[in-house]
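Listed below, chain by chain, are the residues.
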Amino acid sequence: MPDLVTSGQLATELEVTPQRLGRWLRAQRNVGHPLLLGVSPRSPFRFTREQADQLAAEFEAADTEGHVSDSAVQRRAEEVIRDLLARRLGIPLAPRTIELQAGAPVQVDAASDDGTVLAEIFARQGPLKGGQQKKVAIDTLKLITVRREHPATRLILCFADRAAAAYATGGGWVAQALRSWEVDVEIVDIPDDLRAEILEAQIGQTMVNPDRTGL
C-alpha cells in the first residue's frame, strides 16, 4: 500500500497552517468534492500522493488567484458545463474515478460510459493566473497518463470562457503541449445567471485575499 499524505503534511508542503487547510478541506467535503465525500467528520484526512497533488493544485488556485473551486458555485458550474459538453458530443458524461494499472486512483470531471472520452472542466471566468495555469498543466498530465493505458481515449479540456481558454489555445508551451499530445479544447456558453454567480464568487475570494490575487 502506498504511503499516505496527511493534511498536516500537505499543509507543510503548501506553506499554510493546518487549520487553514483543514477549513478548506471541510468546506470542499461539504459541497461534495469527490475526493473527500468518503471521509467522515470524525476521521482525519489522508490522501494518496496523486490525490494530495490534485488537492494542492485546487487549493493554490482558490487561495491565490480568486478561483471558485472552494465554493458550491463551482460544483454547480461543473454540472452545467458537463451537461453542455455532453450535449455537444452527443453522449452522456459523468464524474468518474479511474484506477491506473499500478493501483493509483485518478479523478476526472467527466467521462463517457465506455471511458473513451475523458474531460476536465474549468469554470473560471477571465484570464487564468499562476495557480489556475498550474492546475491546467496538472490536469492535462493526469489525462495523458490515463490515455497511456487506454490509447483510444479522447481527451478534452472544457472551458466556460474564451479568455480563460486562451491559455490552452494560444502560443505558450502548455498550449503547444496540448496540441502535440492531441488534447482537445472545448468552450461552452453557460447561462448568464451562472456566469454572474461565478464572477461574484471570484470577486468574493479576491476580497478575502486582496494582497494575493494578482488581479
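What comes next concerns the included structure. Remember, predicted model here, so these are calculated numbers, not experimental data.

What counts and what doesn't
- Residues numbered from 1 in each chain as written.
- Predicted model: local features only at pLDDT ≥ 70, side-chain atom pairs only at ≥ 80, totals over all residues.
- Heavy atoms only, no water.
- Buried < 20%, exposed > 50% of the residue type's maximum accessible area, 1.4 Å probe, protein only.
- Helix = DSSP H or I, 4+ residues; strand = E, 2+ residues; numbered from the N terminus.
- Arc of directions from axis to C-beta.
- Phe/Tyr/Trp six-rings, centres within 6.5 Å; stacked < 30°, edge-to-face > 60°.
- Core = buried A, V, L, I, M, F, W, Y, C linked by side-chain atoms within 4.5 Å.
- Contact = heavy atoms within 4.5 Å.
- Pairing = 2+ DSSP bridges.
- Axes fitted to C-alpha atoms, helices over the stretch in contact; angles between N-to-C directions.
- Parallel < 35°, antiparallel > 145°, perpendicular 65-115°, else oblique.
- Left-handed = near helix turned anticlockwise from the far one by under 90°.
- Nonpolar A, V, L, I, M, F, W, Y, C, P; charged D, E, K, R; others polar.

Our next topic: helix 1 (residues 7-14). Because an α-helix packs 3.6 residues into every turn, residues spaced three or four apart end up facing the same way. Residues of helix 1 that are buried include every one of Leu10, Ala11 and Leu14, and no others. Along helix 1, the residues classed as buried sweep out an arc of 105° about the axis, all on the same side. Glutamate 15, located one to two residues past helix 1, shows a positive phi value of around 60°.

All told, the structure shown has 3 aromatic pairs when counted by the stated rule. On the basis of an interplanar angle of 20° and a centroid distance of 6.1 Å, the ring pair of phenylalanine 45 and phenylalanine 47 is categorised as stacked. Looking at phenylalanine 45, the relative accessible area reads 9%, which means it is buried.

Glancing now at the nonpolar core. Counting 21 residues, the largest nonpolar core has Val108, Leu118, Val136, Leu157 and Phe159 as its most contacted members. With 4 residues, the single largest contributor to this core is helix 5 (residues 130-149). Sequence-distant contacts of leucine 157, that is, excluding residues within four places in its chain, are made with Glu120, Phe122, Val136, Thr140, Leu143, Leu178, Val183, Asp184, Val185 and Glu186.

Let us now look at the sheet that holds strand 3 (residues 93-99). Taken in spatial order, the 5 strands make up an open sheet running 3-4-5-6-7, and their pairing is mixed. Two strands close off the open sheet at either side, each with one partner strand: strand 3 and strand 7 (183-187). On average, each strand axis in the sheet is inclined to that of its neighbour by 40°, with strand direction left out of account. Two strands pair when backbone bridges link them, and strand 4 (residues 105-112) and strand 5 (residues 117-122) are joined in this way by 2 bridges, in the antiparallel orientation. Bridging from a neighbouring strand, alanine 110 pairs with alanine 119 of strand 5.

Interhelical geometry of helix 1 versus helix 2 (residues 18-30) gives an angle of 115° and a closest axis separation of 9 Å. The angle between helix 1 and helix 2 places the two elements in the roughly perpendicular class. As helix 1 packs across helix 2, the resulting crossing turns out to be right-handed. Every residue of helix 2 that contacts helix 1 at Ser7, Leu10, Ala11 and Leu14 is listed here: Pro18, Leu21 and Leu25. For the contact of helix 1 with helix 2, the per-class residue count stands at 6 nonpolar, 1 polar and no charged.

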